[in-house]
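What follows is the residue order along each chain.
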Amino acid sequence: MAIFKKERFGIARKIVSNMTSQSWEEIPHATMSYEPDVTDFLVECKKLNEGVTDKSQRISINTVMMKVICEGLKAAPKMNCTLNFRRHMVRGTLHYHDNIDISMPMILKSGEMMTVNMHSMQDKSLTEMTAAINDTIRRANNSDMNEVMYEVSLDNTLTGLRKGKIKQTITRLYGSKMPGKHMVKTLSGDAKKKYYSIPVEDRLTKHDIEQGTTTISNLGSVYREQKGLCMLLEIIPPQTTAFAINAAQKRPTVVTDENGNEKIEVRTIMPITVAIDHRSLDYGDCLPFFRRLDEIFADPSIIQKWK
């Protein structure tokens, strides 16, 4: 078998591969699909932008769905927990959080993928969430991704050292900074000085990349022509949940008319993939989340109050 190209991992790919490997090695995943009828919901979403001429102020479906999931998590706070589990001692502790910090993958104008932490989304209005996302995108496009991610990687490595993970620390430092083909290249000299002269409010920092309390990926925003749904979804420890919002799709659906008669109509369905850490959660723990989403999609005019 001929090899026509070799592509060595950059720091972003190294971090993703390390974290996802840890996820599948440690976490017993349980996944489920929630498939709401969003036909009327999307009509209400369009109303949110009536009269809005500034594109930067338009509220996207992505933002509304993020708000929907936040509402579900507020109804089921156990799904917003992080976990500290020591298997050899069979000891686990769930940490409940007042804030909902969303790890959100996004594609930058450079084509690079970056997962950012959208802090404290739990009580923000749709307008505030839109402004926060737009500001993060603005700062991300001013940032050197290698530099930001190296800061995060170094911080994680030093945290591991403080916890006594000496072997892990040595191997990570060796793998990233030893001269050679796999060395992680970061800024130096005048380029580094110039980059760090950018005010922190105009670029991403470690604070923007650190782990959130859950992860929400919007696959539909990347591939609107998607057919079907995401079946497997990794949970990044210490998080205990992850969500994938799939593309809205036309499907034949059984509906009940005003006379109580059932009929088949073409409706718009938006599948949501939900992954849970089975060490932390059982299906019953998720029922308040799904019931809250049921309420929202049954009466989608509620989103007008969120604006």
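Residues numbered from 1 in each chain as written. Predicted model: local features only at pLDDT ≥ 70, side-chain atom pairs only at ≥ 80, totals over all residues. Heavy atoms only, no water.

Here we come to the environment of aspartate 282. Here aspartate 282 lies in the loop between strand E10 (272–277) and helix H10 (283–298). Judged by its relative accessible area of 44%, aspartate 282 is partly exposed. Residues aspartate 282 and methionine 79 lie 203 residues apart in sequence; the distance between their C-alpha atoms is 10.0 Å. A distance of 3.5 Å separates polar atoms of two side chains, one belonging to aspartate 282 and the other to histidine 278. (Helix = DSSP H or I, 4+ residues; strand = E, 2+ residues; numbered from the N terminus. Buried < 20%, exposed > 50% of the residue type's maximum accessible area, 1.4 Å probe, protein only. Polar contact = N/O pair within 3.5 Å; in protein donor to acceptor, adjacent residues only side chain to side chain.)

Another point: the pairing of strand E3 (residues 91–95). Looking at chain direction, strand E2 (residues 82–86) and E3 are connected through 5 bridges and run antiparallel. Note on E3: the bridge partner recorded for threonine 82 is histidine 95. From the end of E2 to the start of E3, which pair antiparallel, there are 4 residues, and valine 90 there has a positive phi angle of about 50°. (Pairing = 2+ DSSP bridges.)

Residue position: threonine 63 is located in helix H3 (residues 61–75). Separated by 3.0 Å, the side chains of threonine 63 and serine 60 make a polar contact.

Turning to unusual backbone geometry, a few remarks are in order. The omega angle of the peptide bond from proline 237 to proline 238 is 10°, so this bond is cis rather than trans. Relative to the elements of secondary structure, proline 238 occurs in the loop between helix H9 (219–222) and strand E7 (241–245). Despite not being glycine, serine 120 shows a phi value in the positive range, around 50°. Note that serine 120 resides in the loop between strand E5 (113–118) and helix H4 (126–140).

Applying the stated criterion across every chain yields a total of 17 salt bridges. With a shortest N-O distance of 3.0 Å, aspartate 202 and arginine 138 are connected by a salt bridge. In this pair, aspartate 202 sits in the loop between helix H7 (189–195) and helix H8 (206–209) while arginine 138 sits in helix H4, placing the two residues 64 residues apart along the sequence. A relative accessible area of 26% places aspartate 202 in the partly exposed class. Relative accessible area serves as the criterion here: at 35%, arginine 138 is assigned to the partly exposed category. Between arginine 279 and aspartate 277 there is a salt bridge whose closest N-O contact spans 2.8 Å. (Salt bridge = Lys/Arg side-chain N within 4 Å of Asp/Glu carboxyl O.)

Here we come to helix H2 (residues 39–47). For an α-helix, 3.6 residues make a turn, and residues three or four places apart therefore share a direction. Within the sequence span of H2, burial applies to Phe41, Glu44 and Cys45. Relative to the axis of H2, the buried residues are bounded by an arc of 105° and lie together on one face. At its buried positions, H2 is contacted by H3 and H10. (Arc of directions from axis to C-beta. Contact = heavy atoms within 4.5 Å.)

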